[in-house]
Amino acid sequence: MLAIEVALLTGRYVATAVDDRSRAEWPPHPARLFSALVAAYFEALDPSADERAALEWLERQGPPEITAPEASAREVVTVFVPVNDTSVVGSLDDEAVTVREARTELGAARPKGGKPLAAAEKKLVKAETRFLEAVRKAIAPVPAGKEGKDGPGKAASILPERRTRQPRTFPSSAPAEMGHAAPRIVFAWPSATPTPEQRATLDALAARVTRLGHSSSLVTARVRDDRPEATWVPDDAGLRRAGDEAVLRVAGPGQFAALCAAFELQADTPGRVMPASFQRYVRPRAAGEASAPAPLFGDGWIVLRRVAGPRLPSVRAVDIARTIRKAMMAAYGPDAPEILSGHRASGGPSERPHLAYVPLPFVGSEHADGAVLGVALVLPRDATRDERLAVYRALDAWERQARDGDEETPRLPVHLGRTGELFLERLEEQASPSTLRPATWCAEAASWASATPVALDRNPGDLAARDPQKEAAAYAEAEATLAVACERIGLPRPSRVTVLPAAPLAGADKARRFPPFHAGKPPVQRVLVHATLTFDAPVRGPILLGAGRYFGLGLFRPLRGNG
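The structure presented is a predicted model; accordingly, all values stated were derived computationally and were not measured. (Residues numbered from 1 in each chain as written. Predicted model: local features only at pLDDT ≥ 70, side-chain atom pairs only at ≥ 80, totals over all residues. Heavy atoms only, no water.)

### Examining the side chain of S350
Turning to step 1, where the next piece is worked out: On the secondary structure map, S350 appears in the loop between α9 (338-341) and β16 (356-361).
Turning to step 2, where the next piece is worked out: Excluding residues that lie within four positions of it along the chain, S350 makes contacts with E338, G342, H343 and R344. (Helix = DSSP H or I, 4+ residues; strand = E, 2+ residues; numbered from the N terminus. Contact = heavy atoms within 4.5 Å.)

This is the structure we're talking about:
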């Protein structure tokens, strides 16, 4: 076990949320602690090889548990800060941006080699030369009498009372004291087994950490021998308690190298984006509280929300899902893994759960219209760390291809032929529309209703037969097929399944409006039906059933009050 305790010396934590610069971050993200440790490492005159090895070991230990008190956000006050010498900064900004762009192009050209690499290297040399020349001119002394007509005005603008001022905010959280002189946050890795040397090295490194978040957020940090009861745990632990969740930035393999690369890239232009992975955290269950049955699909979703393009109905769900799958695989590059493609290296279909591409329709409320508001990338609950990293690698590559300049969260284009382009953006915090919240689809409930129709694994017969006996037999077969489908994804057999001729949720499209769906080898057209499910006890979502479950068909939503 390894635990690092951070004490907030000023009684508050100053850091802005990753998606909203007017809101405070709480609890502190594990990636911030790791970055603070890396910063302490590099502040040494002669960085220790043992410390570097200890940091690279720490980044491989996975997301930690967190013990943090409840905190209230303090009122945000806007202050106006004088800027630096604008005459100098303005002359360097453009050249610095050009250098950064040239370095990015060089990184993209390295795998290609040959002429593209040579051209990129040449471009970078020219950009760096121009930047250094601009720096030389900016700091060169001006001989007396050579100030020019703008010289006195520029010189006067440097005086504090004449500088322009920019609005700044410093959101902060005021945590409870937890019985200590200063509030404590503990980051713990229960399964980590550091050697005595690694523990001592990390303790010495933590002792040199002076701040976490903003420079005004002063702290002390030390390794401790015990760990208190966690208040936040990684969702992978399977201890989810509905209603409390947060997405935090965490360190992973390669984080140390990523921080070094980010520093080199932003050496001339300070950046705001901290390299990190994202991990969903939840409140742990109370002792003795039973866990509801959960399906094979996990609830640590990656959600992409619609930000531009046509407002499409849920009948286009499969088209959207398949296009995003192609984009992710293309971004990953050759030899896309099974978790992305759903196919084995031999070409056959995957025999284990893989990534599901699930468009999220606006259904189940008074004004719902069934439009797709976003898309969830749903990983299997037992996905390995390498599989999760492969998904993030593909998404990151897609975002790099789509990024325009320095934008933090690029818009991802989804090309839908004559329909036009749908643009999506990764959500890094909880969304305001309930449709885009995983908790909406993954809550515990005994009764569930289909938001998109299920593509049945077996043909039940003629559901529209004029003969009442044939119609009843077809409905009974469809309901039996759905019951087996629930068991196939790891849920108990429902006590009641009802196949419906119409959509059960407001705003949902009727099954007959969806285009034909084919699956299998050879492809066979599947029967599409809406349904409701009732279990003897609450079960957890997400519920994705049938042959189209990896492309947004068979998505169920829990019913309030269990129906």
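### Notes on unusual backbone geometry
Turning to step 1, where the next piece is worked out: In this chain, W26 is followed by P27 through a cis amide linkage whose omega measures 0°.
Turning to step 2, where the next piece is worked out: For the bond running from G541 to P542, omega is 5°, close enough to zero to count as cis.
Turning to step 3, where the next piece is worked out: Within the element layout of this structure, P542 appears in the loop between β25 (528-539) and β26 (556-558).

### Quick notes on the packing of helix α8 (residues 317-332) against helix α10 (residues 385-402)
Turning to step 1, where the next piece is worked out: Between α8 and α10, whose axes approach to 8 Å, the crossing angle comes to 90°. Viewed along their axes, α8 and α10 adopt a mutual orientation that is roughly perpendicular. Every residue of α10 that contacts α8 at I324, A327, M328, A331 and Y332 is listed here: A390, V391, R393, A394, L395, A397, W398 and Q401.
Turning to step 2, where the next piece is worked out: For the contact of α8 with α10, a count of residues per class yields 11 nonpolar, 1 polar and 1 charged. (Axes fitted to C-alpha atoms, helices over the stretch in contact; angles between N-to-C directions. Parallel < 35°, antiparallel > 145°, perpendicular 65-115°, else oblique. Nonpolar A, V, L, I, M, F, W, Y, C, P; charged D, E, K, R; others polar.)

### Here we look at the environment of P353
Turning to step 1, where the next piece is worked out: You can see P353 is positioned in the loop between α9 and β16.
Turning to step 2, where the next piece is worked out: With 57 residues separating them along the chain, P353 and L296 place their C-alpha atoms 7.3 Å apart.
Turning to step 3, where the next piece is worked out: Excluding residues that lie within four positions of it along the chain, P353 makes contacts with L296, I339, P380 and Y550.

### Brief notes about the sheet that holds strand β17 (residues 372-378)
Turning to step 1, where the next piece is worked out: The 5 strands lie next to each other as β16-β17-β15-β19-β18, forming an open sheet whose pairing is antiparallel. In this open sheet, the two strands that pair with only one neighbour each are β16 and β18 (412-415). Averaged over all neighbouring strand pairs, the angle between strand axes comes to 30°, with direction disregarded.
Turning to step 2, where the next piece is worked out: Note: β18 against strand β19 (residues 421-426), 4 bridges, orientation antiparallel. In the sheet register, P413 faces β19, and the bridge partner there is F423.
Turning to step 3, where the next piece is worked out: Sheet strands touched by α8: β16, β17, β18 and β19. Its angle to β16, the strand with the most contacts, is close to 140°. (Pairing = 2+ DSSP bridges.)

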